[in-house]
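Examination of the molecular architecture
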Amino acid sequence: MKSNASSAPDAVIEIADVTRRFGSKLALDHVTLTIPRGVVFGLIGANGAGKTTLIKHILGLLKAQSGSVRVFGLDPVADPVGALIRIGYLSEQRDLPVWMRVDELLRYTQAFYPKWDAAYAEQLRGHFGLDPAAKIKNLSRGECAKAGLLIALAHRPELLLLDEPSSGLDPVVRRDILEAIIRTVVDEGRTVLFSSHLLDEIERVSDCLAMMVDGRIVLNGPLDAIKESHHRLTLCFDTVQSQPPALAGALSVSGAGREWTAICNGALIELTGAAVKLGARVVDEGTPSFDDIFVARVRAKSLGQ
Amino acid sequence: MAGFRHRPTANGSSVSSAAEKTEAADKCIIVLIHLNNVREHLITGLSNPLIVQIHISPNDGVPIYLQIVNQVKYLVGSGRLSPSEEIPPIRALAQQLLVNPNTVARAYLELERAGIVTKRHGAGTYVSEAGSPLARRERLKILTQRGDALLAEARHMNIEFSEVIKLLRERDEILTQAKK
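Residues numbered from 1 in each chain as written. Chains lettered and ligands numbered in written order. Predicted model: local features only at pLDDT ≥ 70, side-chain atom pairs only at ≥ 80, totals over all residues.

1. Re the overall build of chain B
Stated formally: A run of DSSP states H or I qualifies as a helix once it reaches four residues; a run of E qualifies as a strand once it reaches two. Both are numbered from the N-terminal end. For every residue, the other C-beta atoms within 10 Å of its own C-beta are counted; 20 or more classify it as buried, 12 or fewer as exposed, and values in between as partly exposed. C-beta atoms are placed from the backbone. With C-beta atoms placed from the backbone, a contact is any residue pair whose C-beta atoms sit within 7 Å.
Within chain B one finds 7 helices and 3 strands. Scanning chain B from its N terminus toward the C terminus, one meets helices and strands in the order α-α-α-β-α-α-β-β-α-α. Considering chain B as a whole, with its 180 residues, one finds that 23% of them fall into the buried category. Expressed as a percentage of contacts within chain B between residues at least 6 apart in sequence, the contacts between residues at least 24 apart total 58%.

Structure representation (structure tokens):
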């Protein structure tokens, strides 16, 4: 069944072997990703790693040059309306019509969505403290994000898609966004895909994550499984090492002299065995944070591992 | 099965007397969280608000579900959660802590397996009657972890064990005097 995930009925998003170039730049490099219904899926990666490009393919804003994209089993480029009315989307740019007032924005957006819930929209507007008569252009950055979040949520979408929702926002608004994510999955078992640099946010709310580096997915799976398969080992050598030790399974090694710390991927027994083979003692072992894993993965990729 | 352990609970007087014992300093925080809970309960439609003091610090290496497990154990161990007291429903706690509901579910499952809480079919999750005998063991377990960390640090800093003991004794004297 698992190998046949591309035709799983419970997949909300199915991306199969999608490659995308912008000129000479490879923005997406054979990306395959399946997002099941009812999960919170975190997408992480450095700036320019391809996260927004991937999201634009899901929204049908970009057509796959090769490979295929299916959202609710639909091709979002061929059937944009069928897919988009089931997606709530908050972009990093929050490209709202600035000349409108908040109440006008709600009425305008309502027209696109048959399932718009006016009572819920009003409840959210009150909760977010948005003045209905305020002009969008006069809203603060945080209020703009809330307005964008409101129109993404008020039609109770099956898929909530948030592209860097927290970037540049204060902790209060970030909290509103996390609340919205949790409420979305708690209430009706809907699906959330969100991209972020903030790994603590991802760790808090996600079931699964995918990590992108230079247009490729380098890591993909449940958070627990990812954490359990990574280890931080501190090695101690009897003699000073002039070069970082070449530990099998290490993604990154840092240190100097006799002590070195490695972020590793693999089974602990094998890693410890490899350390002993190098003539080192393991003096400390722990679970790395997602920050550590992320940085190690990005460095490993740039070293061509 | 956990279901056979259902037992009617005495409610009312014991609950309110426990609440009276709450220290004034805690009260301010509890009121804030309470207000937040009331809001959540208006949304989730639950009748009696539940209060649990849990703080999540992501990115410190300890998985979030384990942070919840450890803190509930600690709350039970320190008597801040009493046997047969109800703990929040998974969804309510997920919304309160802003963590994934599956993470809370996993924590509750671990707590149930450890015998700390008991699920009553269709009626929520409660601190087990068996929770209190476990309490001392759990408290010692928590203390053991702290002790290990202290000893490891002392070793790294080349501080002798006897000096650590001396330091602890000194600190204990200072804290005892401060209490008086």
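2. So, the pairing of strand β8 (residues 208–213) of chain A
Residues and elements named next belong to chain A. Put simply, the test is: By the convention used here, strands pair only if DSSP detects at least 2 bridges between them.
By the criterion of burial, β8 is predominantly enclosed, with 6 of the 6 residues buried. Residues C208, A210 and M212 point to one face of β8 and L209, M211 and V213 to the other, with burial holding for every one of them. Where strand β3 (residues 40–45) lies against β8, 5 bridges are found, and the strand directions are parallel. Note that in β8 the partner of I44 across the bridge is M211. The sheet contact formed by β8 and strand β9 (residues 216–222) spans 6 bridges and is antiparallel. Within β9, the position partnered with L209 by the bridge is G221. Turn length for the β8-β9 hairpin, with the two strands adjacent in sequence and antiparallel, is 2 residues, and the turn residue D214 shows positive phi of about 50°.

3. Thoughts on the confidence of the model for chain A
Residue and element names in this part refer to chain A. The criterion, for reference: Values of pLDDT, ranging from 0 to 100, describe the predictor's confidence in every residue of the model.
Residue-level pLDDT values for chain A average 89, and 95% of them are 70 or greater. The secondary structure element of chain A with the lowest average pLDDT is helix α10 (residues 290–302), at 84, and the one with the highest is strand β4 (residues 66–71), at 95. A low-confidence stretch, residues 1–7 (pLDDT under 50), is modelled with 5 contacts involving residues beyond four sequence positions or located in other chains.

4. Brief notes about the sheet that holds strand β7 (residues 191–196) of chain A
All names here are of chain A. The condition is simple: Whenever a helix is involved, its axis is fitted only over the stretch in contact; in every case the axis is a line through C-alpha atoms, and angles between N-to-C directions fall within 0 to 180 degrees.
Spatial ordering of the open sheet is given by β5-β6-β7-β3-β8-β9, a layout of 6 strands whose pairing is mixed. At either margin of the open sheet sits one strand with a lone partner, and together these are β5 (87–90) and β9. The mean angle between the axes of side-by-side strands here comes to 15°, regardless of whether they run parallel or antiparallel. With 5 bridges connecting them, β3 and β7 associate as parallel partners. Directly across from I44, in β7, lies its bridge partner S196. Across the face of the sheet, helix α1 (residues 51–58) comes into contact with β3, β6 (159–163), β7 and β8 while running at roughly 150° to β6. Its contacts with the sheet place helix α5 (residues 141–153) against β5 and β6, and it is angled at close to 170° to β5.

5. Notes on the confidence of the model for chain B
Residue and element names in this part refer to chain B. Of the residues in chain B, 64% reach a pLDDT of 70 or more, and the chain-wide mean stands at 73. Considering each helix and strand of chain B separately, the mean pLDDT is smallest for helix α1 (residues 13–21), with a value of 41, and largest for helix α5 (residues 101–113), with 92. Counting contacts from residues 1–49, a segment whose pLDDT is below 50, to residues more than four positions away or on other chains yields 29 contacts. What the predictor reports for the complex is a pTM of 0.76 with an ipTM of 0.78.

6. Let's talk about the packing of helix α4 (residues 90–97) of chain B against α5(B)
Two numbers describe a pair of packed helices, the interaxial angle and the distance between the axes. Residues and elements named next belong to chain B. Filter applied, for reference: To sort the angles, those under 35 degrees are grouped as roughly parallel, those over 145 as roughly antiparallel, those from 65 to 115 as roughly perpendicular, and the leftovers as oblique. When the near helix sits turned anticlockwise from the far one by under a right angle, the crossing is termed left-handed; a clockwise turn instead gives a right-handed crossing.
Contact pair α4 / α5: the axes reach a minimum separation of 8 Å and the direction vectors enclose 120°. It follows from the interaxial angle that α4 and α5 lie oblique. When the axes of α4 and α5 are compared, the crossing they make is right-handed. Contacts between α4 and α5 involve I90, R91, L93 and A94 from the former and P101, V104, A105 and Y108 from the latter.

7. Observations regarding the interface of chain B and chain A
Rule in force here: Under the grouping applied here, Gly and all other residues not named as nonpolar or charged are polar, the nonpolar ones being Ala, Val, Leu, Ile, Met, Phe, Trp, Tyr, Cys and Pro and the charged ones Asp, Glu, Lys and Arg.
In this complex, chain B contributes 15 residues to the contact, which on the side of chain A involves 23 residues. Residue composition of the side of chain B that touches chain A, grouped by class: 8 nonpolar, 5 polar and 2 charged.

8. Re the nonpolar core
Residue and element names in this part refer to chain A. Filter applied, for reference: As used throughout, a nonpolar core is a set of buried Ala, Val, Leu, Ile, Met, Phe, Trp, Tyr and Cys residues joined through C-beta atoms within 7 Å of each other.
Core analysis: the largest hydrophobic core is formed by 106 residues, its most contacted members being F41, A147, I181 and L193. In terms of residue count, α5 provides more of this core than any other element does, 8 residues in total. Setting aside chain neighbours within four positions, we find A147 in contact with L96, V102, L105, L130, I136 and L139.

9. Section: the packing of helix α4 (residues 118–128) of chain A against α5(A)
Residues and elements named next belong to chain A. Interaxial distance between α4 and α5 falls to 10 Å at its minimum, and their mutual angle equals 160°. Taken as axis vectors, α4 and α5 run roughly antiparallel relative to one another. Note that α4 runs across α5; the crossing there is right-handed. Two secondary-structure elements touch here, α4 through A121, L124, R125 and F128 and α5 through K146, L150 and L153. The residue inventory of the contact of α4 with α5, partitioned by class, reads 5 nonpolar, no polar and 2 charged.

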